[in-house]
Amino acid sequence: MVIFIEIVPIVHVYVWKGFSNEAKKKVIEGITKVFTTLGIPTDAVEIIIHEDPMENWGVAGQQASEKFKDVKIP
């Protein structure tokens, strides 16, 4: 009996709402490249991008919308 174990990484990426489509493509390509260098086939890599409003994120006791109000989302 031969048992095959298939590695299928599923990566969840959380970003602020407004992340551009171009930035999403770069994230997907970059993460996929990391796994392919480890020998995992490109077709096996799945990436899910979650967009949340900055006011729903808390950083150092503040809403991200306040703490990073001068940051431009890519």
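Coordinates for the structure precede this section.
These numbers come from a predicted model, not from an experiment.

Cut-offs applied
- Residues numbered from 1 in each chain as written.
- Predicted model: local features only at pLDDT ≥ 70, side-chain atom pairs only at ≥ 80, totals over all residues.
- Heavy atoms only, no water.
- Pairing = 2+ DSSP bridges.
- Helix = DSSP H or I, 4+ residues; strand = E, 2+ residues; numbered from the N terminus.
- Right-handed = clockwise from strand over helix to strand, strands pointing away.
- Contact = heavy atoms within 4.5 Å.
- Core = buried A, V, L, I, M, F, W, Y, C linked by side-chain atoms within 4.5 Å.
- Buried < 20%, exposed > 50% of the residue type's maximum accessible area, 1.4 Å probe, protein only.
- Phe/Tyr/Trp six-rings, centres within 6.5 Å; stacked < 30°, edge-to-face > 60°.

**Student:** Even after reading the chapter, I still don't get the pairing of strand β2 (residues 46-52), so can you show me in this structure?
**Tutor:** Consecutive side chains along a regular strand alternate between the two faces of the sheet. Across seven bridges, strand β1 (residues 10-16) lies against β2 in parallel orientation. Looking across to β2, one finds that V15 is bridged to E51. Note that the unit made of β1, helix α1 (residues 21-37) and β2 has a crossover that is right-handed.

**Student:** For this particular structure, what's the right way to read the environment of K24?
**Tutor:** Within the element layout of this structure, K24 appears in helix α1. Measuring from C-alpha to C-alpha, the distance between K24 and I48 comes to 10.0 Å, with 24 residues separating the pair along the chain. Setting aside its immediate chain neighbours within four residues, K24 contacts F19, I49 and E51.

**Student:** Is there a simple way to explain the environment of I28 in this structure?
**Tutor:** Within the secondary structure layout, I28 lies in helix α1. Setting aside residues up to four positions removed in sequence, I28 forms contacts with I47 and I49.

**Student:** What am I meant to see in the nonpolar core here?
**Tutor:** Side chains of a nonpolar character, in soluble globular proteins, are inclined to be buried together. One finds V11, V13, V15, F19, A23, F35, I40, A44, V45 and I47 forming the largest nonpolar core, which totals 10 residues. Among the elements of the structure, β1 and α1 are those that each provide at least two residues to this core. For this core, the element with the most residues is β1, which contributes three residues. Excluding residues within four positions of it along the chain, V45 makes contact with P9, T32, F35 and I40.

**Student:** Sorry if this is basic, but what is going on with the packing of aromatic side chains here?
**Tutor:** Two aromatic rings are characterised by how far apart their centres lie and by the angle between their planes. Evaluation of the coordinates by the stated rule reveals two aromatic pairs. Note on W16 and W57: the rings are 5.8 Å apart at their centroids and 75° apart in plane angle, and the pair reads as edge-to-face. On the criterion of sequence distance, the pair formed by W16 in strand β1 and W57 in the loop between β2 and β3 (58-59) is long-range, its members being 41 residues apart. Residue classification places W16 among the buried residues on the basis of a relative accessible area of 19%. Its relative accessible area of 26% is what places W57 among the partly exposed residues. When the ring of W16 is compared with that of F68, the centres are 5.4 Å apart and the planes differ by 40°; the resulting orientation is tilted. Placement of the pair is W16 in strand β1 and F68 in the segment after α2 (64-67), with a sequence separation of 52 residues. Among the aromatic residues, those joined into a cluster by ring pairs are W16, W57 and F68.

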